[in-house]
Amino acid sequence: MDLTGFAPVGARINQYQDEMILWLRELIAIPSVKSSPAGPDAPFGPEIARALEYVLAWGEREGFRAQNFSGYAGHLEYGEGEEDLGVLLHLDVVPAGGGWQYPPFQGVQVGDRIYGRGAVDDKGPAVAVLYALKALKDEGIRLARKIRVIFGCDEESGWRCMDHYFQKAPKPVLGFVPDADFPLIHCEKGFVALTLQAGYNPSPAGGLELLRVTGGTRRNVVPESAEALLTADSGTGVRDRLQAVCAEDPRVTLEKTGGRIRLQVKGEAAHASLPHLGENAITHLLAILAALGEKGGPWELITLLTKNIPDFTGKDLGIACRDRISGALTCNLGTFAMGDGEVQLELDIRYPLCIDEKTITQRINEKLGGGGFEITGRHGLPPHYLPAESPLVKTLLAAYQEETGDFSPPLAIGGRTYATALGNGVAFGPNLPGRPQLAHQKDEYIQVADLMLAARIYGRALFHLAAGGFRKEDGEK
Ligand SMILES: [Zn+2]
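In this text, all values refer to a predicted model and were calculated from it rather than measured experimentally.

Analysis parameters
- Along each chain, residues carry numbers from 1 onward, in the same order as the chain's sequence is written.
- Two thresholds apply to this predicted model, a pLDDT of at least 70 for residue-level local features and 80 or more for giving and counting side-chain atom pairs, whereas whole-chain, interface and lining totals are computed over all residues.
- Lines fitted to the C-alpha atoms define the axes, with helices restricted to the stretch that makes contact. Angles between their N-to-C directions range from 0 to 180 degrees.
- Secondary structure counts use DSSP, requiring at least four H or I residues in a row for a helix and at least two E residues in a row for a strand, with both numbered from the N terminus.
- Angles below 35 degrees are treated as roughly parallel, those above 145 as roughly antiparallel, those between 65 and 115 as roughly perpendicular, and all remaining angles as oblique.
- Two helices that cross are described as forming a left-handed crossing if the nearer one is turned anticlockwise from the farther one by less than a right angle, and a right-handed crossing if clockwise.
- By definition, residues are in contact whenever their C-beta atoms, placed on the basis of the backbone, come within 7 Å of each other.
- Residues were grouped as follows: Ala, Val, Leu, Ile, Met, Phe, Trp, Tyr, Cys and Pro as nonpolar; Asp, Glu, Lys and Arg as charged; and all remaining residues, including Gly, as polar.
- By definition, two strands form a pair when at least two bridges between them are found by DSSP.
- To assign burial, the other C-beta atoms lying within 10 Å of each residue's own C-beta are counted, with C-beta atoms placed from the backbone; 20 or more indicates buried, 12 or fewer indicates exposed, and intermediate counts indicate partly exposed.
- Taken from the helix axis, the directions to the C-beta atoms give the arc we talk about.
- For every domain, the bounds stem from an assignment made automatically or drawn from a database.
- By definition, a nonpolar core groups buried Ala, Val, Leu, Ile, Met, Phe, Trp, Tyr and Cys residues that are joined through C-beta atoms within 7 Å.
- In predicted models, pLDDT denotes the confidence assigned by the predictor to each residue on a 0 to 100 scale.

J.: Would you mind going over the packing of helix α7 (residues 281–290) against helix α8 (residues 297–308) with me for this structure?
T.: Working note: a packed helix pair is described by the angle between its axes plus the distance between those axes. Remark: α7 packs on α8, axes separated minimally by 9 Å, with the N-to-C direction vectors making an angle of 125 degrees. For the element pair α7 / α8, the angle class is oblique. Classified by chirality, the crossing of α8 by α7 is left-handed. Across the interface between the two elements, L286, A287, L289 and A290 from α7 touch I302, T303, L305 and T306 from α8. Residues belonging to the contact of α7 with α8 are distributed by class as follows: 6 nonpolar, 2 polar and no charged.

J.: What should I look at first to understand the sheet that holds strand β4 (residues 108–110) in this one?
T.: Hydrogen bonds between backbone atoms are what pair the strands of a sheet, whose relative direction is either parallel or antiparallel. If you trace the 3 strands from one edge of the open sheet to the other, you get β4-β5-β24, paired in antiparallel fashion. The outermost strands of the open sheet, each flanked by one partner alone, are β4 and β24 (445–447). Taking each pair of neighbouring strands and ignoring which way they run, the sheet shows an average axis angle of 25 degrees. When β4 meets strand β5 (residues 113–115), the two strands line up antiparallel, connected through 3 bridges. For V110, the partnering residue across the bridge sits in β5 and is R113. Contacts from helix α12 (residues 448–467) reach β5 and β24 within the one sheet, and its direction differs from that of β24 by about 70 degrees.

J.: Can you walk me through the pairing of strand β11 (residues 210–215) in this structure?
T.: Both faces of the sheet carry side chains from a regular strand, because those side chains alternate between them. Here 5 bridges tie β11 to strand β12 (residues 225–231), and the two strands are oriented antiparallel to one another. Across the sheet, V213 pairs through a bridge with A228, a residue of β12.

J.: Can you walk me through helix α5 (residues 160–168) in this structure?
T.: Each α-helix winds once per 3.6 residues, and so residues spaced three or four apart point in a common direction. What α5 keeps buried is the set C161, M162 and Y165. Viewed end-on, α5 has its buried residues packed into an arc of 85 degrees, placing them on one side of the element.

J.: What's the story with the domain arrangement of the protein chain in this structure? I'm lost.
T.: Reports of interface size often rely on the accessible area that becomes lost once the parts have come together. Per the domain assignment, the segments making up the protein chain are domain 1 (7–188 + 385–476) and domain 2 (190–381). Inter-centroid distance (C-alpha atoms) of domain 1 to domain 2 is 40 Å. Taken together, the contact pairs 8 residues of domain 1 with 11 residues of domain 2. Of the residues assigned to the side of domain 1 that touches domain 2, the class counts are 4 nonpolar, 3 polar and 1 charged.

J.: What is the right way to look at the nonpolar core in this model?
T.: Judged by nonpolar contacts, the single largest core of 88 residues is most densely connected at V129, A132, L184, L396, V426 and L462. Per-element accounting of this core gives the leading share, 12 residues, to α12. Non-local contacts of V426, meaning those with residues more than four positions away in its chain, are made with F176, L184, I185, H186, L386, L392, V393, L396 and A419. Among the nonpolar cores identified, the runner-up in size contains 46 residues, and L230, I261, L301 and F373 belong to it.

J.: Help me understand the confidence of the model for the protein chain, please; the structure alone is not making it clear to me.
T.: Per-residue confidence for the protein chain gives a mean pLDDT of 93, with 96% of residues at or over 70. A low-confidence stretch, residues 469–477 stays under pLDDT 50, and its non-local contacts, those more than four residues away or across chains, total 12 contacts.

J.: Help me understand unusual backbone geometry, please; the structure alone is not making it clear to me.
T.: Most peptide bonds adopt trans geometry, and most residues besides glycine take a negative phi value. The omega torsion across F182 and P183 is 0 degrees, close enough to zero to call that bond cis. With respect to the helices, strands and loops of the structure, P183 is situated in the loop between β8 (180–181) and β9 (185–188). With omega at 10 degrees, the peptide bond leading from G429 into P430 counts as cis. Notably, D340 is not glycine yet its phi reads approximately 50 degrees, a positive angle. Relative to the assigned elements, D340 resides in the loop between β17 (330–339) and β18 (342–351). By C-beta crowding, D340 is classed as exposed, having 10 other C-beta atoms within 10 Å. In the Ramachandran plot, D443 falls in the positive-phi region, its phi being about 55 degrees despite a non-glycine side chain. Inspection of the secondary structure assignment puts D443 in the loop between β23 (430–431) and β24.

J.: I'm lost on the packing of helix α10 (residues 391–404) against α12 in this one. Help?
T.: Remark: α10 packs on α12, axes separated minimally by 9 Å, with the N-to-C direction vectors making an angle of 140 degrees. When the axes of α10 and α12 are compared, the pair comes out oblique. Two packed elements cross with a definite hand, and for α10 against α12 that hand is right-handed. Contact residues: α10 offers T395, L396, A398, A399, Y400, E402 and E403, while α12 offers L453, R456, I457, R460, A461, H464 and L465. For the contact of α10 with α12, a count of residues per class yields 8 nonpolar, 2 polar and 4 charged.

J.: In this structure, what is going on with the sheet that holds β11? I would like to understand it.
T.: Pairing is antiparallel in the open sheet, where 8 strands are placed in the order β13-β14-β12-β11-β17-β18-β10-β19. Of all strands in the sheet, those bounded by a partner on one side alone are β13 (252–257) and β19 (374–381). Adjacent strand axes in the sheet meet at a mean angle of 15 degrees when their direction is disregarded. Sheet strands touched by α7: β11, β12, β13, β14 (260–266) and β17. Its angle to β12, the strand with the most contacts, is close to 25 degrees. Here helix α9 (residues 357–368) sits on the sheet and contacts β10 (190–199), β18 and β19; the angle it forms with β10, its principal contact strand, is near 20 degrees.

J.: How should I be thinking about the environment of W23 in this particular structure?
T.: Along the chain, W23 falls in helix α2 (residues 17–28). The buried category is assigned to W23, around which 20 C-beta atoms lie within 10 Å. As for W23 and K123, which are separated by 100 residues in sequence, their C-alpha atoms are 9.9 Å apart.

J.: In this structure, what is going on with the pairing of β18? I would like to understand it.
T.: For β18, the tally of buried residues reaches 8 of 10 residues, placing the bulk of the element in the interior. Direction of pairing for β10 relative to β18: antiparallel, over a ladder of 10 bridges. Paired with L194 across the strands is L347, a residue of β18. When β17 meets β18, the two strands line up antiparallel, connected through 9 bridges. If you follow F336 over to β18, its bridge partner there is L345. Between β17 and β18, which pair antiparallel one after the other, the connecting turn spans 2 residues, and D340 there sits at a positive phi close to 50 degrees.

Below you can see the structure in the form of structure tokens.
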């Protein structure tokens, strides 16, 4: 038995199923990947602008108030009230990439699954939220708070949409972001990206000549390959020495061409916030080079780095820490380029609530500054955290629990979501516990049953947070 009064709204949502599927398939068929601007109201390209117009036009037909913010973002509003409840979604998608079994931009339905880029990230959740809103309206639920569903158009590459939007529109007093996992994410670790540079003497007297070391492609990815180029001549016996260091290592390939030796290391890519799922090719390569025991020039810097950044825990940098809520600090050496007397590297650090950015950069300066490293670039976000006891978290969890019967605790992650842009908000669904993470993957899909469940959970969340659980006709008696 449902004592909350939500049951008729949930029943209505279920009746919309066929319409929701059709609508999601149409939305997936708009390939809203960022491209060159197509005019004043399409700053992220014509297809993203088209997706925004499509959603806003639907909202107007349904009787919601629509506003387009020059193609950067848009919103649909419903109800009156001095306070706003915000739901923040995005309509842009990452490029399809290769290897798909189904066409990425057609919205193909196969059995209980709807395939396509954006199915879970973030078009499926958009459809779920909009039909939950429609059900509240069609059921005549009176709202104590205005509901504002906001659509960002640049979530996947820079959040410029939100900068623009929140210059023009006020922040809602509270809200949620359907762009991650259920039950909900109440803690997102702090984040700091650092660029470090140092110079060195490229040809120190005697010894082995190191021409170039490179690795990694992006700061926020555990590098899957790295390579070093050395001169092979002058009686240094470099090949034998390298073979002694890494002959049995299946991740290493040695190749002699002309007077040079190319040393390649294979790692395993992973997101920088989950470094334990990967193998860092750069730190592995640096350890091999340091084991050669050479002195001077680039070798000193390599030894220094190997001593201080041997792994992703940050322990030798003096920044390792963990707390009960947010977990452990992670540190990813994401890119590395050394040659011609200069080295540049990028660190991606995700930190728990028990440390701050200032302490982290101070310790790194202490450890690496003496070797000549200087921090030349820095970009960070403090942790985003709402206690499990806060009213917003408790209410959203209740909405999830009432629909699913699952009482799992809220989550902490190292990644960042749009919830940061919302302020007093948390990421809430749509991915259910135990489901594969399909965002940004090939053959992204959403199960129809999960889409419907998400819509009912979002419906309950809107109902509890905005409606206060009474109907118009009740109030008018
Ligand atoms: Zn997303």
